[in-house]
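# Observations on the three-dimensional arrangement
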Amino acid sequence: MSHAHSHFDELPFWRKYIFSTDHKIIGIQYGLTGLFFLLFGFCLMMLMRWQLAYPGQPLPIIGHLFGEERMPGGVMLPEFYNQLGAMHGTIMVFLGIVPLVFAAFGNYVVPLQIGAPDMAFPKINMTSYWLYYIGGIIMLVSFFVPGGAAAAGWTSYTPLADIATMGQTLWIIGMVFIINSSLLGAINFIATIFQLRAPGMNFMRLPFFVWSELITAFLLLLAFPPLEAAAVLQFMDRIAKTSFFLPSGLVVSGQPLSVSGGGSVLLWQHLFWFLGHPEVYVLILPAFGIIAEIIANNIRKPLWGYKSMVYSVITIGFLSFIVWAHHMFLTGMGTAISAFFQATTMIISIPSVIILTALFLSLWGGSIRINVPMLFALAFLPMFGIGGLTGLPLGLSVSDIPLHDTYYVIGHFHYIVAPGTIFALFAGIYYWFPKITGRQMNEFLGKIHFWPSLVCMNFIFFPMMIQGLAGVSRRLYDGGASYTFAPKILELNVLISFAAWILALAQISFIINFFWSLFRGKKVQTDNPWEATTLEWAAPSPPPHGNFEVVPHVYRGPYEYSVPGATKDFTPQYQETI
């Protein structure tokens with residue numbers, strides 16, 4: 001181990017911190033890059049919110065910066081609005097949230113929690129990050145090509161995506177890089193968790209976070225290849241003039257489109273949503289894992305129903321592959337196949353409810369410590385609950401058909417990923433920051449970050465569901481002003497937009513806290529400041545190359561808190577006696 005340390009210390013800067021093969025450095029690279037894309041995607045949304053709140057009015061101060069071809073006189077054109085919408089969704093999901101919850105936290109924490117010195121394939125790990133980075137750069141470059149970025153929605157539906165501007169081609173190329181990054185990462189996680197566990201670390205001693213990352217890796221490994229194949233076929237439609245997704249008889253700008261025809265636009269939807277629904281669980285399962293770690297630590301008692309949570313996450317992984325067509329009820333599928341997908345959609349809600357219920361029940365009788373990670377974790381529970389409950393009507397075709405493509409869907413989905421997954425992200429950052437840096441983040445600034453974020457997110461997404469029930473389409477670049485809606489319904493656009501802008505201001509305290517704590521934060525006095533039981537807290541803070549001074553041995557389960565007869569209220573996995 002000491003030889004490995006000295007070898008790592010001798011490496012030049014670019015090998016140690018840029019093209020690193022150390023899982024911790026790669027996790028930090030994923031984290032910082034993902035946070036940048038999260039901020040960038042959020043900024044795109046704030047531009048959209050101006051247009052929805054004040055359609056046709058010039059954007060003050062910065063409107064002229066986007067050029068006359070996008071915002072003549074500072075007024076947003078519908079084409080630019082569509083680009084913002086497509087790229088907001090793509091960047092937030094594929095470049096922001098997934099790399100953060102799966103790759104950043106997974107890379108840093110999983111090897112530490114299983115007692116491994118590194119990932120199974122360090123060079124593949126490095127390649128995975130750089131493929132993701134290149135894919136992100138291609139997505140950003142697409143804003144500057146003639147015609148602008150992709151404008152066919154984050155789902156890139158055909159036939160529009162087949163005939164859109166050059167930005168759509170770059171979207172496909174960027175997605176191929178991102179997909180290959182995820183595939184390499186997934187293979188690495190599976191191999192690492194199966195092969196590099198410390199002595200005594202059997203599967204039922206794994207922290208729930210490791211289980212969530214393992215199932216997520218299987219989802220990525222099995223669901224992304226169909227989308228990659230679809231992306232290649234769409235690329236061929238655009239470049240080689242094939243017609244995998246282009247039907248006969250298309251008329252574009254009044255002119256018949258000269259293609260061989262015979263393609264199926266529904267084939268793209270099937271291939272996309274075969275990834276798209278497991279992708280929802282790629283977002284939420286690692287979030288469940290993060291929340292479980294923080295709740296168990298701050299209630300000072302074992303998680304209620306740990307095994308039922310593990311079996312539930314495995315069940316979700318299996319069922320997530322047979323629910324995809326509930327996104328496609330409007331395509332006119334037959335009643336028999338519609339009934340199948342309605343049934344599986346209702347069934348998959350059961351293991352999600354089991355996990356959420358187990359986390360709620362864990363709170364009962366706990367000696368709850370309130371700190372910033374715990375605040376975000378506690379807020380996650382009802383916010384995800386709202387997101388899940390509002391999704392049930394969308395799983396039934398009779399209610400989905402009128403609600404589909406309205407703001408109801410936007411509100412439902414964002415309750416899952418914004419006050420849901422993104423709150424879990426923040427909770428994880430505050431919780432593992434001392435392990436990563438050896439310093440604590442500021443609690444006061446953390447609370448200034450939390451409370452406005454919680455309030456504003458509800459003022460953003462709950463009114464959207466009211467708008468959706470009133471029939472306001474999510475695709476309208478003027479927010480419905482050109483349609484005859486009740487004035488009060490449209491006035492909600494202003495409320496939502498102001499809440500979004502205040503939410504942006506609340507993130508400033510997080511940014512200040514993050515960078516200030518990085519250099520000037522209070523140093524931790526111990527390697528285990530939260531008095532936690534899992535294996536990562538046995539390593540120094542921050543951990544050296546190779547992670548552990550001696551290979552740890554695991555003697556018990558991951559959440560041995562308040563064990564009767566123990567001298568302390570936590571008994572670490574690596575401690576031989578209580």
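This text gives an overview of the structure that appears in the document.

### Observations concerning helix H4 (residues 78-114)
Taking 1.5 Å as the rise per residue, H4 with 37 residues should run 54 Å; its terminal C-alpha atoms sit 50 Å apart, in good agreement. Remark: the principal bend of H4, roughly 55 degrees, maps to Pro 99. A large share of H4 lies buried, amounting to 33 of its 37 residues.

### Side note on the pattern of salt bridges
Opposite charge on two side chains permits pairing when their charged atoms draw close. Considering all chains together, one arrives at 7 salt bridges under this definition. Asp 569 is the salt-bridge partner of Arg 300, the closest N and O atoms lying 3.0 Å from each other. Of this pair, Arg 300 sits in the loop between helix H9 (265-299) and helix H10 (306-319) while Asp 569 sits in the segment after helix H16 (487-520), and the two are 269 residues apart along the sequence. Residue Arg 300 is classed as buried on the basis of its relative accessible area, which comes to 4%. Accessibility expressed as a relative area gives 30% for Asp 569, which makes it partly exposed. Residue Arg 475 pairs with Asp 405 through a salt bridge whose shortest N-O separation is 3.6 Å. In this pair, Arg 475 is assigned in the loop between helix H15 (443-469) and H16 and Asp 405 in the loop between helix H13 (397-403) and helix H14 (407-437), connecting sequence segments 70 residues apart. A residue is classified by how much of its surface remains accessible, and Arg 475, at 45% relative accessible area, is partly exposed. One continuous salt-bridge network, built from bridges that share partners, spans Arg 300, Glu 531 and Asp 569.

### So, helix H11 (residues 335-363)
Between the first and last C-alpha of H11 there are 43 Å, a value that for 29 residues agrees with the 42 Å anticipated at 1.5 Å per step. With its phi angle positive at about 80 degrees, Gly 365 sits one or two positions after the end of H11.

### What to know about the packing of aromatic side chains
According to the stated counting rule, one finds 52 aromatic pairs in the structure shown. Relative to Trp 324, the ring of Phe 274 lies with its centre 5.4 Å away and its plane at 75 degrees, an arrangement referred to as edge-to-face. Taken together, the residues Phe 274 in helix H9 and Trp 324 in the loop between H10 and H11 connect sequence positions 50 residues apart. Judged by its relative accessible area of 21%, Phe 274 falls in the partly exposed class. Each ring, one from Tyr 431 and one from Trp 530, has its centre 5.8 Å from the other, and the planes form 25 degrees; the classification is stacked. With Tyr 431 in helix H14 and Trp 530 in the segment after H16, this pair connects stretches of sequence that are 99 residues apart. You can call Tyr 431 buried: its relative accessible area is 1%. Clustering of aromatic rings is evident, with ring pairs tying together Trp 14, Phe 19, Tyr 30, Phe 36, Phe 37, Phe 40, Tyr 129, Trp 130, Tyr 132, Tyr 133 and Phe 143.

### Points about the nonpolar core
Judged by nonpolar contacts, the single largest core of 177 residues is most densely connected at Phe 208, Phe 288, Ile 295 and Leu 359. In terms of residue count, the dominant contributor to this core is H4 (22 residues). When neighbours within four sequence positions are excluded, Ile 295 is seen to be in contact with Leu 303, Leu 359, Leu 363, Met 374, Ala 377 and Leu 381.

### Description of the packing of helix H12 (residues 372-391) against H15
At a minimum axis separation of 10 Å, H12 and H15 run at an interaxial angle of 10 degrees. Between H12 and H15, the interaxial angle falls into the category roughly parallel. On the side of H12, the interface is formed by Val 372, Pro 373, Leu 375, Phe 376, Ala 379, Met 383, Ile 386 and Thr 390, while H15 contributes Glu 443, Gly 446, Lys 447, His 449, Phe 450, Trp 451, Leu 454, Asn 458 and Met 465. Across the contact of H12 with H15, the residue classes tally to 11 nonpolar, 4 polar and 2 charged.

### Brief notes about unusual backbone geometry
Excluding glycine, a negative phi dihedral is what most residues carry, and trans is how most peptide bonds are arranged. A cis amide bond, omega 5 degrees, links Thr 158 with the succeeding residue Pro 159. Here Pro 159 shows up in the loop between helix H5 (122-141) and helix H6 (160-163). The step from Ser 541 to Pro 542 runs through a cis peptide bond, and the omega angle for that step is -5 degrees. One can find Pro 542 in the segment after H16. Backbone geometry places Asp 405, a non-glycine residue, at a positive phi of 65 degrees. Given a relative accessible area of 27%, Asp 405 falls into the partly exposed group. Even without a glycine there, the phi angle at Asn 547 is positive, about 75 degrees. Position of Asn 547 relative to the elements: it lies in the segment after H16.

Calculation rules
Residues numbered from 1 in each chain as written. Predicted model: local features only at pLDDT ≥ 70, side-chain atom pairs only at ≥ 80, totals over all residues. Heavy atoms only, no water. Helix = DSSP H or I, 4+ residues; strand = E, 2+ residues; numbered from the N terminus. Expected span 1.5 Å × (residues − 1). Bend = angle between axes of the 7 residues up to and from the residue. Buried < 20%, exposed > 50% of the residue type's maximum accessible area, 1.4 Å probe, protein only. Salt bridge = Lys/Arg side-chain N within 4 Å of Asp/Glu carboxyl O. Phe/Tyr/Trp six-rings, centres within 6.5 Å; stacked < 30°, edge-to-face > 60°. Core = buried A, V, L, I, M, F, W, Y, C linked by side-chain atoms within 4.5 Å. Contact = heavy atoms within 4.5 Å. Axes fitted to C-alpha atoms, helices over the stretch in contact; angles between N-to-C directions. Parallel < 35°, antiparallel > 145°, perpendicular 65-115°, else oblique. Nonpolar A, V, L, I, M, F, W, Y, C, P; charged D, E, K, R; others polar.

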